[in-house]
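# Observations on chain architecture
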Amino acid sequence: MLALDGTGLNLADVADGARRRLDPVHWDFFAGGAGDERTLRANEEAFTRHRILPRILRGAQVRDLRISLLGCRLAMPVLIAPTAFHRLAHPEGEVATAHAAAEAGTIMVVSMAATRPLEEIAAVGGPLWFQLYPQSDLGFTSALVRRAEAAGCRALVVTVDSPVFGRRERDLRHRFVDLPPGLLCENMRDPSGRVRDIEMDAGLDWPRIGWLRELTTLPILLKGVLHPADARLAVAHGVDGVVVSNHGGRQLDGAVATLDALPGIVAAVDGRLPVLLDGGIRRGTDVLVALALGATAVLVGRPVLWGLAVGGVAGVRHVLDLLRDDLDRALALAGVAGPGELSGDLVAKVAGG
Ligand SMILES: Cc1cc2nc3c(=O)[nH]c(=O)nc-3n(C[C@H](O)[C@H](O)[C@H](O)COP(=O)(O)O)c2cc1C
Ligand SMILES: CCCCC(=O)C(=O)O
């Protein structure tokens, strides 16, 4: 379907195509993580330590991959994680990603560090959530929330794993600090027209989440929850969902792999909120395992950027189609008709890789 240089059978192929096309500095920005990249590797490795116990003879000839999530109907339990700077991957940037998400029937979480204005991304017409790094300037933060509401975003995803910026040594080696000329974080424009830097606010705390809760009626998800005690606090603060995430290994290197953290969060939340997970999802079987262990849905970050770099809208669509087909086949082979039928007994944890 797509000119992928004869590759493109799986997400690793798409990543190879992206590596060949991208400026190596930008490849490293997208691919890299913090410190020794232990957590980056651990996210994918965790999936290799979980194996599926398939059921047989269950007549699962028709699979239904759809789910409902915070008032949205999705064609599959896979969303697009918020990632910065899509125009480094493709000239159309986030608008191309939004087209692919809409075609695939899923939600794109738009990064606060998007390189296209939110209104242009929203004009595509697909369902969007908006990712927010709350800024210490509360006036600016509330104006941005109003802007997300006005653009029709259906939820706020508040990133809470970034009190300071992770130390990404690939970027330090390349001295990659600024976007190339012409590319800007378009959603950081203040009323005077100036584009502000995104602040990582080490002062962000639970009262500020309470403030956001009062500010908007949009569903609020906290992204970057790894400790069960924080999942309980999230419930107590009236948020609507949590995302088990370590920012794709880009913030605290040494943080637990998300799949390993998931059962503790699921137990703490105890069905009161949807629990989403991101980090290392590369196969339909990874989606199956995460959902069997209690995730309501998953998000993918880097593979979407690889698709975008390789083929714009068609490239992202290809990535989403690969995941969808792979999940459908995995469910069939495991004797499961849909996400709602997945349960923990279908997964065994094994030692090693
Ligand atoms: C290049 C890049 C940029 C990212 N930018 C953001 C961002 O702006 N906001 C945010 O909350 N998370 C950001 N993330 C983290 C992703 O939302 C997500 O947690 C992570 O990529 C998931 O892991 P995966 O890439 O293995 O799928 C970024 C990740 C990458 C790789
Ligand atoms: C200021 C941009 C932040 C992007 C981000 O969150 C990431 O690169 O992981």
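In case you missed it, the structure is sitting above this.
As a convention, each chain's residues are numbered from 1 in the sequence order in which they are written. Chain A is the first chain written and ligand 1 is the first ligand written, with later ones labelled in order. Residue-level local features of this predicted model are given only where pLDDT is at least 70; pairs of side-chain atoms are given and counted only at 80 or more, and the full residue set underlies all totals for whole chains, interfaces and linings. Side-chain measures were taken over the full set of non-hydrogen atoms in the model, leaving aside hydrogen atoms and water.

## What to know about the nonpolar core
In terms of nonpolar packing, the biggest core is built from 102 residues, with F130, L259, L277 and W306 touching the most fellow members. A helix here means a DSSP run of H or I that spans at least four residues, while a strand means a run of E at least two residues long, and both kinds are numbered starting from the N terminus. When residues of this core are assigned to their parent elements, the largest contribution, 15 residues, is made by helix α12 (residues 302–334). A contact between two residues is defined here by any heavy atoms of the two lying within 4.5 Å. Not counting residues up to four positions away in its chain, the partners in contact with L259 are A46, F47, H50, L277, V289, A290 and L293. The definition of a nonpolar core used throughout is a set of buried Ala, Val, Leu, Ile, Met, Phe, Trp, Tyr and Cys residues joined through side-chain atoms within 4.5 Å. Burial classes follow relative accessibility: with a 1.4 Å probe on protein chains only, a residue under 20% of its type's maximum area counts as buried, one over 50% as exposed, and anything between as partly exposed. Core analysis: the second largest hydrophobic core is formed by 16 residues, L79, A81, V157 and A297 among them.

## Some thoughts on the packing of aromatic side chains
Between rings of Phe, Tyr and Trp, where Trp is taken as its six-membered ring, a pair exists when centres lie within 6.5 Å; planes separated by under 30 degrees are stacked, by over 60 edge-to-face, and by other angles tilted. In this structure the tally under the stated criterion is five aromatic pairs. Taken together, a centroid distance of 4.3 Å and an interplanar angle of 20 degrees make the contact between W27 and W306 stacked. Taken together, the residues W27 in helix α2 (residues 24–31) and W306 in helix α12 connect sequence positions 279 residues apart. By relative accessible area, which is 11% here, W27 ends up buried. Between F29 and F176, the ring centres sit 5.3 Å apart and the planes meet at 50 degrees, which makes this aromatic pair tilted. With F29 in helix α2 and F176 in the loop between α7 (169–174) and α8 (206–215), this residue pair connects regions lying 147 residues apart in the sequence. When its relative accessible area of 14% is taken as the criterion, F176 is described as buried. Pairwise contacts between aromatic rings join W27, F29, F30, F85, F176 and W306 into one cluster. Only Lys NZ and Arg CZ are tested; either one counts as a charge over a ring when it is within 6 Å of the ring centre and within 35 degrees of the ring normal. Just above the ring of F29 sits the side chain of R250; from NZ or CZ to the centre is 4.8 Å.

## A short note on the site of ligand 1
Contacts to ligand 1 come from 23 residues, most closely from P82, S111, T159, D278 and R282. Within the side chain of Q131, an N or O atom sits 3.1 Å from a nitrogen atom of ligand 1. D278 is positioned with one of its side-chain polar atoms (N or O) 2.8 Å from an oxygen atom of ligand 1. A total of 600 Å² of accessible area belongs to ligand 1 in isolation, and the protein chains cover 98% of it. Elements that contribute at least two residues to the shell around ligand 1 include exactly α2 and α12. Throughout, the term near means that a residue has one or more heavy atoms lying within 4 Å of the molecule or strand in question. For this analysis, a polar contact is any N or O atom pair within 3.5 Å, provided that within protein one partner can donate a hydrogen and the other can accept it, and provided that sequence-adjacent residues contribute only side-chain to side-chain pairs. In these tables, accessible area is a Shrake-Rupley quantity obtained with a 1.4 Å probe, and a residue counts as shielded only by the protein chains included in the view.

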